[in-house]
Amino acid sequence: QVQLVESGGGLVRPGGSLRLSCAGSGRPFSNYAIGWFRQAPGKEREFVAAITWSGGSIHYADSVKGRFTISRDNFKSTVYLQMNSLKPEDTAVYYCAADSAYYSTANYYTRREGYDYWGQGTQVTVSS
């Protein structure tokens with residue numbers, strides 16, 4: 001089993017930046033692809049970004065492409081989501097999740113149903 005803990009959320013003004021972290025413990029972190037999802041009030045949880053176990057492939061939702069960057073440090077068992085040029089519509093609870101299935105490219109990791117483990121989430125609020 002893998003335990004995931006998100007951190008780094010908060011309140012930021014439009015145009016600002018935040019860096020979220022997803023720290024893993026338990027089974028070897030490098031065995032898992034990691035995805036970031038978000039859920040705004042009254043909306044379904046949606047895909048944001050994913051990274052394969054090695055970090056060799058990355059995929060983003062169109063809504064965040066060019067503004068968000070996902071990366072991982074397997075030695076620290078941590079995945080990061082750097083969020084720049086934040087907009088009010090980015091306001092949501094952000095979750096990281098771990099998927100044990102192996103795919104060579106990260107575009108296969110967009111479905112939340114495929115993930116095995118989830119963190120508790122961290123709130124991101126973008127407001128002036």
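Using the criterion set out here, one finds 8 aromatic pairs in the structure. Between Phe37 and Tyr115 the ring centres are 5.2 Å apart and the planes differ by 85°, which places this aromatic pair in the edge-to-face class. Of the two residues, Phe37 sits in strand E4 (residues 33–39) while Tyr115 sits in the loop between strand E9 (92–99) and strand E10 (117–118), which places them 78 residues apart along the sequence. Of the two residues, Phe37 and Tyr115, neither departs from the other in class, the shared state being buried. Relative to Trp118, the ring of Tyr115 lies with its centre 5.9 Å away and its plane at 55°, an arrangement referred to as tilted. The ring of Tyr95 carries the charged tip of Arg45 above its face, separated from the ring centre by 3.7 Å. Positioned over the ring face of Trp118 is Arg45, at 5.0 Å from the centre of the ring.

On the secondary structure map, Gly114 appears in the loop between E9 and E10. Judged by relative accessible area, Gly114 falls into the partly exposed class, the value being 28%. Put simply, Gly114 and Gly56 are 58 residues apart on the chain and 20 Å apart in space, counted from C-alpha to C-alpha.

The biggest cluster of nonpolar side chains holds 38 residues, and the ones touching the most others in it are Trp36, Leu81, Met83 and Tyr94. For this core, the secondary structure elements donating two or more residues are strand E1 (2–7), strand E3 (18–26), E4, strand E5 (46–51), strand E7 (68–73), strand E8 (78–83), E9 and strand E11 (122–126). Those residues within four positions of Met83 in sequence are excluded, and the remaining contacts are Gly16, Ser17, Leu18, Leu20, Arg67, Phe68, Tyr94 and Val124.

Tallied over the entire structure, the rule returns 1 disulfide. The disulfide bridge from Cys22 ends at Cys96, spanning 2.1 Å between sulfur atoms. Around the S-S axis, the bridge from Cys22 to Cys96 shows a dihedral of about 70° and counts as right-handed. Taken as a pair, Cys22 in strand E3 and Cys96 in strand E9 lie far apart in primary sequence, 74 residues in all. Taken as a pair, Cys22 and Cys96 share a single burial class, namely buried.

Side chains Thr122, Val124 and Val126 project from E11 onto a buried face, and the interleaved Gln123 and Thr125 project onto a face without burial. As defined by bridge partners, strand E2 (residues 10–12) adjoins E11 across 3 bridges and the pair is classed as parallel. Among the inter-strand pairings, Leu11 is bridged to a residue of E11, identified as Thr125. Pairing of E9 with E11, which is carried by 3 bridges, proceeds in the antiparallel orientation.

Moving on: unusual backbone geometry. Note: most peptide bonds trans; most residues except glycine with negative phi. Of note, Ser77 is a non-glycine position whose phi angle comes to about 55°, a positive value. Summarising the element assignment, Ser77 is placed in the loop between E7 and E8. One non-glycine residue, Ser85, adopts positive backbone phi at about 50°. Here Ser85 lies in the loop between E8 and E9. Since its relative accessible area comes to 41%, Ser85 is described here as partly exposed.

Thresholds, definitions, all that
Residues numbered from 1 in each chain as written. Predicted model: local features only at pLDDT ≥ 70, side-chain atom pairs only at ≥ 80, totals over all residues. Heavy atoms only, no water. Phe/Tyr/Trp six-rings, centres within 6.5 Å; stacked < 30°, edge-to-face > 60°. Helix = DSSP H or I, 4+ residues; strand = E, 2+ residues; numbered from the N terminus. Buried < 20%, exposed > 50% of the residue type's maximum accessible area, 1.4 Å probe, protein only. Lys NZ or Arg CZ within 6 Å of the ring centre and 35° of its normal. Core = buried A, V, L, I, M, F, W, Y, C linked by side-chain atoms within 4.5 Å. Contact = heavy atoms within 4.5 Å. Disulfide = S-S within 2.5 Å. Pairing = 2+ DSSP bridges.

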